[in-house]
Amino acid sequence: MLVLGVESSCDETSVAVVKDGKEVLSCFTNTQIKIHEKFGGVVPEVASRHHVYQVSMVFEEALKAAGVTPEEIDLVAVTEGPGLIGSLLVGVNAAKTFSMMYHKPLIGVHHLAGHIYANAIEHEMKFPCIALLVSGGNTELIYMKKHFSFEILGQTLDDAVGEAYDKVARVVGLPYPGGPHVDRLAHEGKDTYHLPRVYLEDGSYNFSFSGLKSAVINLAHNANQRGEEINVNDLCASFQDSVTEVLVRKTLALAKEKGVENIIVAGGVSANKGLKERFMAEAKGFNVCIPSIKYCTDNAAMIAAAGYYQYQEYPGLADLRLNADASLEL
Ligand code: KG4
């Protein structure tokens, strides 16, 4: 089954052709990072305009690279939410237009299901499992008994982990998006600042990163006031140690409580080397799946893969009333 995936929830316009939820024939992504970098974050209106400029070309390139014609596509899967509404609308309308022109069935896919199913491309997803979803907008622990069954057992009470990375990066003068830069510098430094680890009350699987973020901001501010230099590499290492310790230990605690040995890590922050290293070091006896970097951040191959499995579980199709939903629930 050939699925055409379409993703435009934030600042990436991406179209992919994926066979049977696994074999990526093409994944063409036009990123707007360079455009938003100068603003220090994504500007929604600018993002939607650029999706409009790029979307037709991205469809054409993805089909050309896959070597398939529109007539050969079996199913169109598009991110319907959550995300920036103007950005989502571009992808949803492009997918509906394609579906109408070529008489192809259409389904709407949840963006976070997409991140989780990025793992299905390179690994065999085994159930039951715990998914740790870490991105710019989300930090969640999800229990999955089977395909497309999502029970959210923990989430952030304030900042998402990627958001905390981006803010810390900005404070120490690193470009947007800051996560990869903090990750790189963390590997050049040591945990000398001993920042707080926020576990919340006993047995809680929720997260809180705003205190940690404020600790970094205050540290940088106070050093600045006193005319002292901060060691940016050590500060990044200290921040990353605090974040990865809490993420990994809470995930393992939940997996143990549920008696689950399969763990899936997903979302942009799953590209973090420190997080991977800590899972490898501490998750003995667990089967941990993390997508390769190209499938960690937003891309349409993960939407096509999710669309394939969603269609197997829930064959209901969308019609042309399918709409974008900025705050769609999983
Ligand atoms: O999943 P994603 O591409 O977009 C959504 O939020 O849906 O995630 C983007 C986030 C950004 O906050 C970015 O800084 C973070 O993922 N990120 C990382 C790394 N690569 C991307 N954070 C930490 N370490 C990384 N290597």
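What you are looking at is a predicted structure, and each value in this text was computed from that prediction instead of being measured. (Residues numbered from 1 in each chain as written. Predicted model: local features only at pLDDT ≥ 70, side-chain atom pairs only at ≥ 80, totals over all residues.)

Trainee: Is there a simple way to think about helix H11 (residues 300-313) in this case?
Mentor: It helps to recall that an α-helix has 3.6 residues per turn; residues three or four apart then point in one direction. Here H11 contains 14 residues, and its C-alpha end-to-end distance of 20 Å stays within 8% of the 20 Å for a straight helix at 1.5 Å per residue. Within H11, 11 of the 14 residues are buried, leaving the element largely enclosed by the surrounding structure. Within H11, burial applies to Ala300, Ala301, Met302, Ile303, Ala304, Ala305, Ala306, Gly307, Tyr308, Gln310 and Tyr311. (Helix = DSSP H or I, 4+ residues; strand = E, 2+ residues; numbered from the N terminus. Expected span 1.5 Å × (residues − 1). Buried ≥ 20, exposed ≤ 12 C-beta atoms within 10 Å, placed from the backbone.)

Trainee: Which parts of the structure should I look at to understand the site of the ligand?
Mentor: Not every one of the 19 residues close to the ligand is listed here, only the nearest: Gly136, Gly162, Gly179, Gly268 and Asn272. Mapped onto the shell around the ligand, the elements with two or more residues apiece are helix H5 (161-171) and helix H6 (179-186). Broken down by class, the residue content of the shell around the ligand amounts to six nonpolar, 10 polar and three charged. Looking at the shell around the ligand, you find at least three residues from each of domain 1 (2-115 + 296-313) and domain 2 (125-291). (Near = placed C-beta within 6 Å. Nonpolar A, V, L, I, M, F, W, Y, C, P; charged D, E, K, R; others polar. Domains from an automatic or database assignment.)

Trainee: How should the sheet that holds strand S10 (residues 287-289) be read in this particular structure?
Mentor: Working definition: the strands of a sheet are paired by backbone hydrogen bonds and lie parallel or antiparallel to each other. An order of S8-S7-S6-S9-S10 is seen for the five strands of this open sheet, with the pairing classed as mixed. Edge strands, defined here as strands with exactly one partner in the open sheet, are strand S8 (151-155) and S10. This sheet shows a mean twist of 20° between the axes of neighbouring strands, independent of strand direction. Note that strand S7 (residues 139-144) and S8 share four bridges and pair antiparallel. Its bridge partner lying in S8, Ile142 is registered against Ile152. (Pairing = 2+ DSSP bridges. Axes fitted to C-alpha atoms, helices over the stretch in contact; angles between N-to-C directions.)

Trainee: Where do I start with the nonpolar core in this structure?
Mentor: Burial of nonpolar side chains together is a common tendency in soluble globular proteins. Grouped together as the largest cluster of nonpolar side chains are 99 residues, with contacts concentrated most on Ala16, Val76, Ala77, Ala131, Ala301, Ala304 and Ala305. With 11 residues, the single largest contributor to this core is helix H8 (residues 232-258). Two domains each donate at least three residues to this core, and these are domain 1 (2-115 + 296-313) and domain 2 (125-291). Not counting chain neighbours up to four residues away, the residues in contact with Ala77 comprise Val3, Gly5, Ile107, Val109, Ile303, Ala304, Ala306 and Gly307. (Core = buried A, V, L, I, M, F, W, Y, C linked by C-beta atoms within 7 Å. Contact = placed C-beta atoms within 7 Å.)

Trainee: How do you make sense of the domain arrangement of the chain when you look at a structure like this?
Mentor: How big an interface is tends to be reported as the loss of accessible area on association of its parts. Annotation of the chain at the domain level lists domain 1 (2-115 + 296-313) and domain 2 (125-291). One C-alpha centre belongs to domain 1, the other to domain 2; they are set 27 Å apart. Those elements giving two or more residues to the side of domain 1 that touches domain 2 turn out to be helix H1 (33-37), helix H4 (111-122) and H11.

Trainee: What's the story with the UniProt feature "binding site: Fe cation" (unreviewed entry) in the chain in this structure? I'm lost.
Mentor: Taking the numbering used here, the UniProt-annotated feature "binding site: Fe cation" (unreviewed entry) corresponds to His111, His115 and Asp298. On the basis of their most widely separated C-alpha atoms, the annotated residues across 188 residues gather in one place, lying no more than 8.8 Å apart. Along the polypeptide, His111 turns up in helix H4. Its 25 C-beta neighbours within 10 Å are what place His111 among the buried residues. Excluding its chain neighbours within four sequence positions, the residues that come into contact with His111 are Ser9, Thr79, Gly81, Pro82 and Gly83. Classification of Asp298 as buried rests on a count of 27 C-beta atoms within 10 Å. Once residues lying within four places of it in the same chain are set aside, the contact partners of Asp298 are Glu7, Ser9, Cys10, Glu12 and Ser14. (UniProt positions renumbered as here; feature names shortened; annotations may be inferred.)

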